Amino acid sequence: MAKGNDLQAWFIEYQDLDRSDGQAVIMPEGFERLCGALEFDMDGIEPMALLWRLNAAELGKVEFAGWESGMRAMNVHDTAELKQAIRSTIDDFGRNAALFKSFYRKMFDYLRADKQKSVAAEDAVAVLPIVTGNGWVFEKFVKFLEANGDRIKTVSRDQWQSLLELSKTLKPDLSNYSSDDAWPAMFDELVEWLKKPETA
Amino acid sequence: MQRSGVYNFCTSLKSSLPGGTYYTPADASSTVHGSMYGRQLYTRLNDHVSQYMIQVAEKSREFSGDDLLSFYNREWIKYGDAAKTIHHIFDYLNRHWIQREQDEGNNVCDINTLMFRLWRNNFFMDVRNSLLESVFSLMKRIRDGQVADLNLVKSVVDSFVSLGSDDMASGSKKMEVYDSYFLKPFIEGSRQYYEAECERVLKEGSIRNYMIWVFDRLKEEDDRAEMYLHESSLREFGDALNKVLIGKQRASLISEFKPMLQAREKDDLARLYELLKRLGETAGLEPLRDTFRSFVEDAGLEAVKKVCGEQEAAEGNANKSRLFVQALLSVHELYSSILHDSFKDDPGLSKALDHACQKFINENEMCAGKDNNAARLLANYCDTLLRKGNATARAAGEAGASSEDNLEKQLTQAICVYRYLKEQDVFQVAYGRFFARRLVNEQSVSSHGEEMMISLLKEVSGMDFTSRLSRMFSDITVSKEMSERFKETMRDKRGDDFEFDMKVLNTGSWPLKAPETKLKLPAELDRAVDQYLEFYSKSHSGRRFNWLWQYSKAEIKMFFPKATGPAAKTGYLFQVSTYQLAIMMLFNAESGPGTGYDSEDGPTLTFGQILTATELDKDTALGELEVLCKARVFNTSDGNKATDTAQYTLNSGYKSKRMRMNLAGLRKPDAKKDAKDIQKSVDQDRSMSIQAAIVRIMKARKQLVHRELVQATIEIIKLFHPQISDIKQAISKLIDNGFLARDEDNRDVYNYLA
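Residues numbered from 1 in each chain as written. Chains lettered and ligands numbered in written order. Predicted model: local features only at pLDDT ≥ 70, side-chain atom pairs only at ≥ 80, totals over all residues. Heavy atoms only, no water.

**Side note on the confidence of the model for chain B**
Residue and element names in this part refer to chain B. Rules: A residue's pLDDT is simply how confident the predictor is in it, with values from 0 to 100. The contact criterion used throughout is that any non-hydrogen atoms of two residues lie within 4.5 Å.
Averaged over every residue, the pLDDT of chain B is 84; residues scoring 70 or more account for 90%. pLDDT under 50 marks residues 17-33. Its contacts with residues more than four places away, or in other chains, come to 16 contacts. Counted against residues more than four places away or in other chains, residues 168-172, with its pLDDT under 50, gives five contacts.

If you want it as structure tokens, here you go:
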């Protein structure tokens, strides 16, 4: 299909029709159908990359304005093209640090509940492995949250964002970490915990 | 006589001139003539005086010792006058021929200078060694304790000094004669003398003896030196003496310091201090500082250790804190007095004392664990001083002094310890709680005492802390006034036959929490409260009240139905808590709910009924009933124990020797819980202080590197020492709340978000 009306028509296939406010949005149910059409695994990274590309503000909710500008930016007109675009975006994450950073930061907003400023630790534990693949720092961090779940209930935006930086710089032997540096206090705890023999 | 000498001198001079003519001003017109005469006159004078001096030198050889000094002195004085006169007589020569010669750069000096030169070259150089010998011998005699005329030395010194100031060359050589021909040998001679003396004294006695001897000798020498030495040499002379008398024995002297401290020998310490001070800050006093510091520190730690071991300390907080603080004070006082009396409040040693106190007051055996804390113990101690019913603490003051004076002294001492506390904010929170409790329970021993403490604290910590205390204080005063006015207003109107007082407190200023249980007031009390509120709202409208029944008390008269003896008529006087009151009122024959189990002892109530009627929660009710049952006010169906299944009846046959009983005060505050609450409050305050400090710094600097921000935060907070992890937490909070942001390009940098 072509542009303009076609994007509208495409959108309408998944749009939520039970709204009382007349807003043009795709809700989680429609979004899931879209992912189905794209053959995306709902537990994988693709749906989230898709949301991000479609400028969604919340998890599973796509507004038409975002849909339209997103599709145009990707220069995509149909399901096949969309699938390809999202796949290549995900490939690009590995090569383009700035791209991934932007996506990663947005993930925080997707994870947090509406009124909250922070993300629940258990949500972070569930989603980080999907989003960050096999980065070792993220893996350790997830284990750390799991081990300290009784004390640590949330992850703040600063901690989330700093985690990405940490993953880029921290050495496996932890030798270049200093608590005098500007890392969030939680990371001091993380490193201490990692240094414990029983943790290794 | 001297005049005649001069006259003779001059006339003899005259006679040696060619033709016996005078040289007159008239001849000045002829320059050649004048010049010839000028030179002739000059030369003749020179020769004549030289001759004279040589004769004097010869004569001097007949003398030695003091006689030589006298002779020299006499001649010197005579000569001095003569020189002056001659200089005056030959004034014309000075101003004309001599001046001309000097202008032409010829080696000719004015008459006065010439005279001194002649003395020096023809007599002095000859006799100076003998002079010096005589001076030494005289000095030795004086030093050995004999009597001798010091003035002889003085005049010799003066002459040496004068002889050095005739040089036409630069002024700096003025003292040359004195320095090289007198001072140096004199100092060397003194040094040798004392070297020998030191050995002798050290051999004969202890180092302490030596010190006393040195101290006295130095004083003698100091006093004496002013009488004969030139003032410019006093320093050099003093240094030389210090070196030989003190410097050589420095190590042994310093090693005496510790034993002296141990034996508290103030006089010896004072002497040692004075002596070592003469060696200067670095060589003399610095070695003492570290010894002093560690000594006082050990003494303090030892004193606290002893307290920990004492049985009394284990028995309750009041005793523990009292013994602890008294131990601290005794050590501090002891070494402060040594610092003052023996070391004259020397700044270096004063600092050493402060460091030591800071250490042993905060980090000692008593405060090692989490249970005890110097700040809390001190607050507890202050509470025992200011709370009624604590005679022990106050009795520790001086006998004979008034109790007010004693209290002032003890509070001032407490403040002294406060200054050294590392965690003053913990003290402030703890003190605030104790203070509030005293006020609310009307337990202050003296309101003047409370005010005194507040102003002492203000001096050290400023208004921030004490203004809250002052507000609490004024709340009480205002409430009193209100109560008085209320009583006046209601005097005839109330109808109830009991008195009551209300305290209205500003929520923000008091560290008091809402009660843990509800309460349904007895009807009479309810009425009274309503009346008061009506009265109160006339002057202050729109205020919301939280009732703190847990702090209220009542005094009641109990008439037990079967009481006999004096108590039957007068009743027993009980002090009860409001909760207890509510429970007990249920058993008033006229107002109890009645269950059908009633007997001549009055109503019998189940636990459940009590709960319903009073709306108290289970734990509170049970606790109060336990107290009442233990006091035998109630009998229960459960072996007279208070349980939640028992039935309660008044003990109508109650009998006690004591007419008054306090049942309210028996539920004492839990010390462990107190400590926990205090720490929680402190932690909260600190977190906020750190955040506030960071915001202030960032507002001013706009952008700052992490390390600098941490440093600035530590510096700006004076009340406690913030931990780096706490600062990081605060930064995290501020980032989350949008006050700060990490810089995008450099994550070590923070930006202030306006």
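**Looking at the packing of aromatic side chains**
Residue and element names in this part refer to chain B. As a reminder, the rule being used: Under the pairing criterion, centres of Phe, Tyr and Trp rings, with the six-membered ring standing for Trp, must be within 6.5 Å; the plane angle then separates stacked pairs below 30 degrees from edge-to-face pairs above 60, leaving the rest tilted.
The tally for this structure, following the rule as stated, stands at 62 aromatic pairs over all chains. Geometrically, the ring pair formed by Y418 and F427 is tilted, given 4.8 Å between the ring centres and 50 degrees between the ring planes. One aromatic cluster is present, built from ring pairs that chain together F124, F136, F160, Y178, Y181, F182, F186, Y228 and F237.

**Digging into the sheet that holds strand 9 (residues 749-752) of chain B**
Residue and element names in this part refer to chain B. Stated formally: When DSSP finds two or more bridges between two strands, those strands count as paired. Secondary structure elements are defined from DSSP: runs of H or I of at least 4 residues count as helices, runs of E of at least 2 residues count as strands, and each element is numbered from the N terminus. Interaxial angles span 0 to 180 degrees and are taken between N-to-C directions of axes, which are lines fitted to C-alpha atoms, for helices over the stretch in contact.
The sheet built from three strands is open, its strands ordered 7-9-8 with antiparallel pairing. The two strands at the open ends of the sheet, each matched to only one other strand, are strand 7 (703-705) and strand 8 (740-742). Along the sheet, successive strands turn relative to each other by an average axial angle of 25 degrees, direction set aside. Seen against the sheet, helix 30 (residues 724-736) touches strand 8 and strand 9 and runs at an angle of roughly 100 degrees to strand 8.

**Re the environment of K728 of chain B**
Here is the rule we go by: In protein, a polar contact requires one atom able to donate a hydrogen and another able to accept it; more generally it is a pair of N or O atoms within 3.5 Å, and residues adjacent in sequence count only if both atoms are side-chain atoms.
With respect to the element layout, K728 of chain B can be found in helix 30. As for K728 of chain B and H706 of chain B, which are separated by 22 residues in sequence, their C-alpha atoms are 9.5 Å apart. Other than its neighbours up to four places away in sequence, K728 of chain B contacts Y177, S179, D181, W183, P184, A185 and D188 of chain A together with H706 of chain B. A polar atom in the side chain of K728 of chain B sits 2.9 Å from the backbone oxygen of W183 of chain A.

**Some remarks on the nonpolar core**
Note the threshold: In this description, a nonpolar core means a group of buried Ala, Val, Leu, Ile, Met, Phe, Trp, Tyr and Cys residues linked to one another through side-chain atoms lying within 4.5 Å. Only protein chains enter the accessibility calculation, which uses a 1.4 Å probe; a residue whose area is less than 20% of its type maximum is buried, one above 50% is exposed, and one in between is partly exposed.
Y72, L245, F292, F427 and Y431 of chain B are the most contacted members of the largest nonpolar core, which has 150 residues in total. The greatest single-element share of this core, amounting to 15 residues, is contributed by helix 5 (residues 111-143) of chain B. Apart from residues no more than four positions distant in its own chain, Y72 of chain B is found in contact with W119, F123, F124, V127, L131, V156, S159 and L163 of chain B. Core analysis: the next-biggest nonpolar cluster, separate from the first, contains 64 residues, A49, F141, I152 and L166 of chain A among them.

**Digging into unusual backbone geometry**
Although it is not a glycine, N55 of chain A adopts a positive phi angle of roughly 55 degrees. Here N55 of chain A is to be found in the loop between helix 3 (46-53) and strand 2 (62-63). Not every positive phi belongs to a glycine, and D345 of chain B is a case in point at roughly 55 degrees.

**Considerations on the pairing of strand 9 of chain B**
Residue and element names in this part refer to chain B. A two-sided burial pattern is seen for strand 9, the buried positions comprising V749 and N751 on one face and Y750 and Y752 on the other. Of the pairings in the sheet, the one linking strand 7 to strand 9 comprises three bridges and is antiparallel in character. Counted as the bridge partner of Q703 is N751 from strand 9. By the bridge criterion, three bridges tie strand 8 to strand 9 in an arrangement that is antiparallel. Counterpart to R742 in the pairing with strand 9 is Y750. Between the end of strand 8 and the start of strand 9, which pair antiparallel, lie six residues.

**Regarding a negative patch on the surface**
All names here are of chain B. To keep it simple, the criterion reads: The residues that make up patches have over 30% relative accessible area and no salt bridge, and they are joined within 9 Å when like-charged or within 5 Å when they are Val, Leu, Ile, Met, Phe, Trp or Tyr. Shrake-Rupley sampling with a 1.4 Å probe provides the accessible areas, and residues are treated as covered by the protein chains on show and by no other component. Salt bridge, as applied in this entry: a Lys or Arg side-chain nitrogen positioned within 4 Å of an Asp or Glu carboxyl oxygen. Residues scored as positive are Lys and Arg, those scored as negative are Asp and Glu, and His as well as the terminal groups of each chain are ignored. Where a charge sits is defined by one atom per residue type, namely NZ (Lys), CZ (Arg), CG (Asp) or CD (Glu).
On the surface, E176, D179, E236 and D239 cluster together into a negatively charged patch. Contributing elements (two or more residues each) for the negative patch: helix 7 (176-204) and helix 9 (234-245). When you line up the elements, D239 lands in helix 9.

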